[in-house]
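# Inside the fold
Below, each chain spelled out in residue letters.
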Amino acid sequence: MLTETGQEAAYGRRWRVEVSEMTGDEVKEKGTEGEKEELEVSAESLGQKDSPEESATAAETRDPERRKLLVGLGVGAVAAAGAAVGGYALLRPRWAKEVYCRYVAEELPVGDPDSPLWSTAPAARIQMGPQTMALPTKPEPAVGGITVRSLHDGKKIAFRLEWKTKGFSDSTVGTTDFRDACAVLLSSKVDDQNQRVMGSPSAPVTILHWKADWQKDIEEGFQDEETAFPNASFDFYPPLVRRKDASRPVKVPDEYVEAGASRYLAGYAVGNPLSLIDRKTPVEKLRSTSPGTLTTFDSQDAEGRGVARNGGWRVVLAKPLRPTDADEIELSPGRTYGVAFAIWVGSLHDVGARKTVSQLLLPLHVDPVA
Amino acid sequence: MPEVYNWQINRTMQYPFPESRPQRQAGAVFDTNKCIACQTCTIACKTTWTSGKGQEYMLWNNVETKPWGSYPLAYDARILNLLGAQSWENDTYAGKTIFEAAPPGEKVLGWLPEDLDWAYPNKGEDETRDTMSSDKFYLRLPHDNWFFYLPRICNHCTYPACLGSCPRTAIYKRPEDGIVLVDQERCRGYRECIRACPYKKVMYNHITRISEKCVLCFPAVEKGYLTRCMRTCIGRIRTFGYLSTPDKAEADNPVDFLVHVRKVALPLLPQLGLEPNIYYIPPIHVGDMRFLKMLFGPHAPEAVEKYKKAMRGEDLELLGVLELAVASDRIIRRFEVKGETVVGWDMDGNEVARIPVKEPTVVRPEFDPTIQVYRYNVC
């Protein structure tokens, strides 16, 4: 594995990157890179401040017994102080100032968040915080930080986001069911922090949005009403009054389409992307020019997949480097863009603007193709 | 937030958008004294609009029994509790609206019902305020022990909380008639509208996973016809029309007459600040006027007295307007009481109703000699 220095030497970049020393398997066993990073900070702090030797000198005395006692007390006190400082350091992560997208010659593991290839990408620990720029706000962030890795193969770019969660939610069937989700915002304006708040009319941003419920719909079949209300019964649906077997659940949208009554599934009938029943991807590709302007792109060529790992989500989101829609960002290897992240925790009723967001628009350095 | 004028609370208030009234505002008056909770309106709406999978629980029109009924559960009590004490100083509301009481970081004071809250549309049906006794309470007005029916649809408010709370402006109020609609292409299922609407008349579709609400049968209304719930009202309790602001009230317009001229029809929970456009003639038999003031504002007692006066035959004009309710399936734009007859004209100026102000009554003798039977008058 590369070290920080080696990484810099290898790529000749002015930016510093943080690289995990662990393999992919080790990461699974020991936890996220963020945790490891925090431990490194702790050890560093303990070594630099309040060493036990310095304290023992201060407590020196001629009485051997007393000296032993005082030394013991001193060591204990300083150790406690050291632990406190170390504890503080433990809680003080080192946040990334940028995200580095590494080039790989292999095909990107867009459907495999556990692929060993991900451990070759530098990990960036992103500070997350409250969303206070648009109403409604989310004043209490659901997570303090997320770990991001990024790869590209000259054709596609992919991000892997990891975060801890206290509860998993992959349904939006019930009125109070909200999904877990995450998003990557990509901007061509790397120095404009205003871009973080959903872009601007002069510079639309491209957003990749992974949804846990969409993925479940794809992998396990559309989550019909029966999944949320298994014991519910309904006499009959007037538009389907001629259906022969009333004992089995109505299949949507087929039965409504066959009956010429799809207008009773209004969102589906008008083609709302949120109301699709046969989905192809759990990652939606959108454009935005300000809060409230999020719009699904015509072509949906974003990909990805999430898995539950280590008490949290590990999610891959990917898109082609070249745009397929007007206003979509074009990413060129060797250049730098702006990137921001957002997390929704469904069990906290996060939705829309009720999200935990990265506090800065960070530079995204896209590695040149080797 | 911009300041807007809400005539129902007689003051300006804060709202997420500047004041922008439609060219005309569709509205209605429901006479609670005539409603028998037959639920024909409910079923007419249900079969017309919410027969899809994912809409099973939805009743864009519902009829609940007050004081105990509610759909969803305790929708009114919950928002009133959240809002705290509400007080009026004469005609002016002195408390906070749900926009003014919004917590930091929110646009509106609201709450999100759970699925089970929608599961009991008949909760409290026909339950009286207190336990029944052997006392013949019904022989005098008002009743000590009472209940009444409250039919409800979306109020198509002048200041809709659903519209104000939507982060995507996916809800809009049509400039031509003030009907409030959820754009089915634009909604992303955030459910902010469901949290915000205090009347809880925006609902979540379990299949399409976006919000839906009463559309006030706009395809019919655009052609000058009544909505399904009103057209099918067998108690003829509903007067539909286009409501003016108080300063532009037209005395020959049925809804203007009821709301602004006679002031017998009152908004539901005006203190919330939405300026709802469905109005209610309060029930005359409710023994506790505090309840009616809470529900319909400080003028409930006067409205009750005016209605009773009309029922005594002392206000033929008011009686005439009430008789015109659902006398035609056309929207009645203009009325006139001529002697003991009331006439109604539709939006195009066509006469669509001509009926007696007082329905003829016949007192039937107890004994019918032609078939040799006694008859009992049971109601």
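The sections below set out a description of the structure shown in this document. (Residues numbered from 1 in each chain as written. Chains lettered and ligands numbered in written order. Predicted model: local features only at pLDDT ≥ 70, side-chain atom pairs only at ≥ 80, totals over all residues. Heavy atoms only, no water.)

## A look at the interface of chain A and chain B
Listed by partner, the interface residues are 47 residues for chain A and 38 residues for chain B. Applying the counting criterion to the chain A and chain B interface returns 7 salt bridges. The residue Asp213(A) makes a salt bridge to Arg209(B) at a minimum N-O spacing of 3.7 Å. Applying the counting criterion to the chain A and chain B interface returns 24 residue pairs in polar contact (both at pLDDT 80 or more). When residues of the side of chain A that touches chain B are traced back to their parent elements, those giving at least two are helix 6 (212–220), helix 7 (225–228), helix 9 (266–269) and strand 7 (283–288) of chain A. In terms of residue count, the dominant contributor to the side of chain A that touches chain B is helix 9 of chain A (3 residues). Class assignment of the residues belonging to the side of chain A that touches chain B gives a composition of 24 nonpolar, 14 polar and 9 charged. (Contact = heavy atoms within 4.5 Å. Salt bridge = Lys/Arg side-chain N within 4 Å of Asp/Glu carboxyl O. Polar contact = N/O pair within 3.5 Å; in protein donor to acceptor, adjacent residues only side chain to side chain. Helix = DSSP H or I, 4+ residues; strand = E, 2+ residues; numbered from the N terminus. Nonpolar A, V, L, I, M, F, W, Y, C, P; charged D, E, K, R; others polar.)

## Quick word on the pattern of salt bridges
Residue and element names in this part refer to chain A. Counted according to the given criterion, the structure contains 52 salt bridges over all chains. Among the salt bridges present, the one from Lys-211 reaches Glu-284, with a minimum N-O distance of 2.5 Å. In this pair, Lys-211 sits in strand 6 (residues 205–211) while Glu-284 sits in strand 7, placing the two residues 73 residues apart along the sequence. Accessibility assignment for this pair places Lys-211 and Glu-284 in one class, buried. Here Lys-319 ties to Glu-328 by a salt bridge, and the two come within 2.9 Å at their closest N and O atoms. Look at Glu-328 and you get buried, because its relative accessible area is 7%. Residues participating in the shared-partner salt-bridge network are Asp-114, Arg-160, Glu-162, Arg-309 and Arg-314. (Buried < 20%, exposed > 50% of the residue type's maximum accessible area, 1.4 Å probe, protein only.)

## Thoughts on the sheet that holds strand 14 (residues 278–281) of chain B
Residue and element names in this part refer to chain B. An order of 12-3-14-13 is seen for the 4 strands of this open sheet, with the pairing classed as mixed. The sheet terminates laterally at strand 12 (238–243) and strand 13 (266–267), the two strands that pair on one side only. Most of the contacts of helix 7 (residues 254–261) go to strand 12, to which it runs at about 90°, and overall it touches strand 3 (25–31), strand 12 and strand 14. (Pairing = 2+ DSSP bridges. Axes fitted to C-alpha atoms, helices over the stretch in contact; angles between N-to-C directions.)

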